[in-house]
Amino acid sequence: MGNIDLVQLTQQTKKLTAMIVEDEKVTNELLSSTFKNFFSDVSSCFNGNEALAAYDKAKPDVVFVDIVMAGMDGIELSRKIREINPTQIIIVISASNDIEKISESIEVGVNSFIQKPIDTKKIIELLIGVAAMIAKKKKIETKTFSISLPLDIYDTVNRNAKA
């Protein structure tokens, strides 16, 4: 962790928004207040149903989700978010040691898993990872573009691209 430039990291993460989904009130408030130091906007939900309803409006860059929650658990929420947005960055923050649940969250395709209790070092490492994921995602997005060309020019460009 040694030479981490927190100012530079914060400049990267402050361009992003986050959603916290945690059913324990104190933990939710702690995560929300901590992440407000790093993200431009942090929305907070206390269960999967509330989060799913808020997700479309919030359109967060990163979703932090607990696995064990009443009603819709974090795995099911992650699965539903993946259906809406397959490239959504989802990070599980959980105290659960249940290997089955952890395996299932990996199958759903969560981007990262961090175990509670969370300390400053874990948060910084997590945010470095988030910044790297966002940079990679943006790099991929900038490589994909569309252009309208007349058909004869398109055929030439298409042939040249395949050559």
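Preceding block: the structure.
Summary of the structure given here.

Conventions used here
- Residues numbered from 1 in each chain as written.
- Predicted model: local features only at pLDDT ≥ 70, side-chain atom pairs only at ≥ 80, totals over all residues.
- Heavy atoms only, no water.
- Helix = DSSP H or I, 4+ residues; strand = E, 2+ residues; numbered from the N terminus.
- Buried < 20%, exposed > 50% of the residue type's maximum accessible area, 1.4 Å probe, protein only.
- Contact = heavy atoms within 4.5 Å.
- Salt bridge = Lys/Arg side-chain N within 4 Å of Asp/Glu carboxyl O.
- Axes fitted to C-alpha atoms, helices over the stretch in contact; angles between N-to-C directions.
- Parallel < 35°, antiparallel > 145°, perpendicular 65-115°, else oblique.
- Nonpolar A, V, L, I, M, F, W, Y, C, P; charged D, E, K, R; others polar.
- Core = buried A, V, L, I, M, F, W, Y, C linked by side-chain atoms within 4.5 Å.
- Pairing = 2+ DSSP bridges.
- Right-handed = clockwise from strand over helix to strand, strands pointing away.

What follows is about the overall build of the protein chain. Secondary structure assignment for the protein chain yields seven helices and five strands. Along the protein chain, from the amino end to the carboxyl end, the secondary structure elements read α-β-α-β-α-β-α-β-α-β-α-α. Split into buried and exposed, the 163 residues of the protein chain put 36% on the buried side. Nonlocal contacts in the protein chain, meaning residues at least 24 apart in sequence, comprise 63% of its contacts between residues at least 6 apart.

If you walk through the whole model with that rule in mind, you get six salt bridges. Here Glu76 and Lys80 are joined by a salt bridge, their closest N and O atoms 3.8 Å apart. Of this pair, Glu76 and Lys80 both sit in helix H4 (residues 74-84), four residues apart, roughly one helical turn. Judged by its relative accessible area of 29%, Lys80 is partly exposed. The structure contains a network of salt bridges with shared partners spanning Glu76, Arg79, Lys80 and Glu104.

Where H4 contacts helix H5 (residues 99-108), the two axes come as close as 9 Å, and the packing angle between them is 5°. It follows from the interaxial angle that H4 and H5 lie roughly parallel. For the pair H4 and H5, the contacting residues are Ile75, Ser78, Arg79 and Arg82 in the first and Lys101, Glu104, Ser105 and Val108 in the second. A class-by-class count of the residues in the contact of H4 with H5 yields two nonpolar, two polar and four charged.

With that out of the way, let us pick up the nonpolar core. Within the largest apolar cluster, 22 residues are counted, with the highest numbers of intra-cluster contacts made by Phe35, Phe39, Val62, Phe64, Ile91, Ile93 and Leu127. Of all the secondary structure elements, the ones that give two or more residues to this core are strand E1 (17-21), helix H2 (25-35), strand E3 (62-65), strand E4 (89-94) and helix H6 (120-143). With seven residues, the top contributor of residues to this core is H6. Leaving out residues up to four positions away in the same chain, Phe64 has contacts with Ala18, Met19, Ile20, Val21, Phe35, Phe39, Ile91, Ile93 and Leu126.

Looking now at the side chain of Ser105. Within the secondary structure, Ser105 sits in helix H5. Its relative accessible area of 1% is what places Ser105 among the buried residues. Here Ser105 is in contact with Ile67, Ile75, Val92, Val110 and Phe113, once residues within four sequence places are set aside.

An order of E2-E1-E3-E4-E5 is seen for the five strands of this open sheet, with the pairing classed as parallel. The strands lining the two open edges of the sheet, one partner per strand, are strand E2 (41-45) and strand E5 (112-115). Looking at each pair of strands side by side, their axes are set apart by 20° on average, direction ignored. Strand direction decides the pairing type here: E4 and E5, joined by four bridges, are parallel.

Across the six residues of E4, six count as buried, placing the element largely inside the fold. Of the two faces of E4, the one holding Ile89, Ile91 and Ile93 and the one holding Ile90, Val92 and Ser94 are both buried throughout. Sheet topology note: the E3/E4 ladder contains four bridges and is parallel. Counterpart to Val65 in the pairing with E4 is Val92. Between E3 and its parallel partner E4, the chain crosses via H4, and the hand of that crossover is right-handed. Considered for its hand, the β-α-β crossover made up of E4, H5 and E5 is right-handed.

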